[in-house]
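Chains, contacts and geometry: an overview
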Amino acid sequence: MQRFGRFVKKNPAGVVGMLLVLLAVSSALFAPLLVPFDPSKASLVSRLAPPSWADPTGKSEFFLGADQLGRDLFSRIIYGARISLMVGFFGVLIALVIGTFMGLISGFFGKWLDDFIMRFADIQLAFPFILFAIVIMSVLGTGVWKIIIILGITYWVGFARLIRGQVISLKEQEFVHAAKAVGGTNFTIITKHILPNVMSSVLVLGTMYIAEFILLEASLTFLGLGVDPTIPSWGGMLADSRNYITSAWWTSVFPGVAIMLTVLGFNLLGDWLRDKYDPNMKA
């Protein structure tokens, strides 16, 4: 218990980040057990009902109020966590796998292969993501998995550039030369000696990318190019509340707070992981 107390005192921001992330993940995993109402059930009688604790008439039964169709905001926010975390985790997973592979072979083998991969990465970085995503989603249509794939094939560049730089440094270390001297193959050296030494940086960047992906998904959905409107999502709730900001503030404030706290949690967690595993990257 004393050790935990010292950890909390030494890393308060990291603890707050972990708690916020745990709250978001728990909400997504146990959504059916946590919600008091069906998130898709509309009731025009309850249209734009205020939060129960802010209703002067005392008639509202919704803790965070209801939206323009009378759907419970609390239930929709809880279910919206599933979409945001799904996009964040799976989008980062795709980008991580592609970027790690490209960064490893680019940094290890170098020469023309390195030039080709890095120039291709530079070309991809020249295209603004939002413009690229709008074009693709306009052609292919909306969908959660389409957002995930677009994010994955766009953001692999960050992982590749980070890992390439570390591999270039690591492959000149004595333990790599020793592995080559005893007959280790390139595959063995990359997978057993180099890859484990870059995974901490990959973990840090991946955590921060999750936060960015959550914001990007909300942005695309807000523009009508993301998640299907029938699926509860934080970006969709913000888009639906545009016309009611002054008359029903709760329809926009609470989904926005959910996005803010989740993104803040992953950013704080990423900062803590950076300080713990990559001391040279400290601000």
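The structure we're discussing is the one just above.
Residues numbered from 1 in each chain as written. Predicted model: local features only at pLDDT ≥ 70, side-chain atom pairs only at ≥ 80, totals over all residues. Heavy atoms only, no water.

**Describing unusual backbone geometry**
- Of note in the backbone geometry, Leu 48 takes a positive phi value of approximately 55° without being a glycine.
- Topologically, Leu 48 is positioned in the loop between helix H3 (31-34) and helix H4 (73-109).
- For Leu 48, a relative accessible area of 17% corresponds to the buried category.
- Despite not being glycine, Lys 111 has its phi angle at roughly 55°, a positive value.
- Along the chain, Lys 111 falls in helix H5 (residues 111-125).
- A relative accessible area of 69% places Lys 111 in the exposed class. (Helix = DSSP H or I, 4+ residues; strand = E, 2+ residues; numbered from the N terminus. Buried < 20%, exposed > 50% of the residue type's maximum accessible area, 1.4 Å probe, protein only.)

**Here we look at a nonpolar patch on the surface**
- The grouping of Trp 53, Phe 63, Trp 249, Val 253, Val 257, Met 260, Leu 261 and Leu 264 at the surface amounts to a nonpolar patch, some 720 Å² of accessible area in total.
- Along the polypeptide, Leu 264 turns up in helix H11 (residues 250-277). (Patch = residues over 30% accessible without salt bridge, like charges linked within 9 Å, V, L, I, M, F, W, Y side chains within 5 Å. Areas by Shrake-Rupley, 256 points an atom, 1.4 Å probe, with all protein chains shown as cover. Salt bridge = Lys/Arg side-chain N within 4 Å of Asp/Glu carboxyl O.)

**Some thoughts on the nonpolar core**
- Formed by 60 residues in total, the largest nonpolar core has its most connected members in Phe 129, Leu 151, Tyr 155 and Ile 194.
- Where this core is concerned, the elements lending two or more residues are helix H2 (12-29), H4, helix H6 (129-140), helix H7 (144-170), helix H8 (174-181), helix H9 (186-222), helix H10 (234-240) and H11.
- Counting residues per element, this core draws most heavily on H9, which supplies 15 residues.
- If sequence neighbours within four positions are ignored, Phe 129 has contacts with Ile 150, Leu 151, Thr 154, Tyr 155, Leu 216 and Leu 220.
- Ile 105, Ile 117, Val 157 and Ala 160 belong to the second-largest nonpolar core, a separate cluster that totals seven residues. (Core = buried A, V, L, I, M, F, W, Y, C linked by side-chain atoms within 4.5 Å. Contact = heavy atoms within 4.5 Å.)

**Regarding the packing of H4 against H5**
- At a closest axis distance of 7 Å, the pairing of H4 and H5 adopts a crossing angle of 140°. Classed by the angle they form, the pair H4 and H5 counts as oblique. Of the two elements, H4 crosses H5, and the hand of that crossing is left-handed. Contacts between H4 and H5 involve Met 102, Ile 105, Ser 106 and Phe 109 on the former and, on the latter, Lys 111, Leu 113, Asp 114, Ile 117 and Met 118.
- Residues belonging to the contact of H4 with H5 are distributed by class as follows: six nonpolar, one polar and two charged. (Axes fitted to C-alpha atoms, helices over the stretch in contact; angles between N-to-C directions. Parallel < 35°, antiparallel > 145°, perpendicular 65-115°, else oblique. Left-handed = near helix turned anticlockwise from the far one by under 90°. Nonpolar A, V, L, I, M, F, W, Y, C, P; charged D, E, K, R; others polar.)

**Comments concerning the side chain of Ser 27**
- As for its position among the elements, Ser 27 is in helix H2.
- Polar contacts involving the side chain of Ser 27 include one to the main-chain carbonyl oxygen of Leu 23, which spans 2.8 Å.
- Residue contacts for Ser 27: discarding those within four places in its chain leaves Leu 34, Ile 78 and Ala 81. (Polar contact = N/O pair within 3.5 Å; in protein donor to acceptor, adjacent residues only side chain to side chain.)

**A word on the environment of Gly 88**
- Among the secondary structure elements, Gly 88 is positioned in helix H4.
- Setting aside residues no more than four positions away along its own chain, Gly 88 makes contact with Ile 210 and Phe 213.

**Let's talk about the packing of aromatic side chains**
- If you walk through the whole model with that rule in mind, you get 15 aromatic pairs.
- Ring geometry for Tyr 209 against Phe 213: centres 5.8 Å apart, planes inclined by 15°, an arrangement best described as stacked. Here Phe 213 and Tyr 209 lie together in helix H9, a separation of four residues that amounts to about one turn.
- For Tyr 209, a relative accessible area of 12% puts it in the buried group.
- Since its relative accessible area comes to 0%, Phe 213 is described here as buried. (Phe/Tyr/Trp six-rings, centres within 6.5 Å; stacked < 30°, edge-to-face > 60°.)

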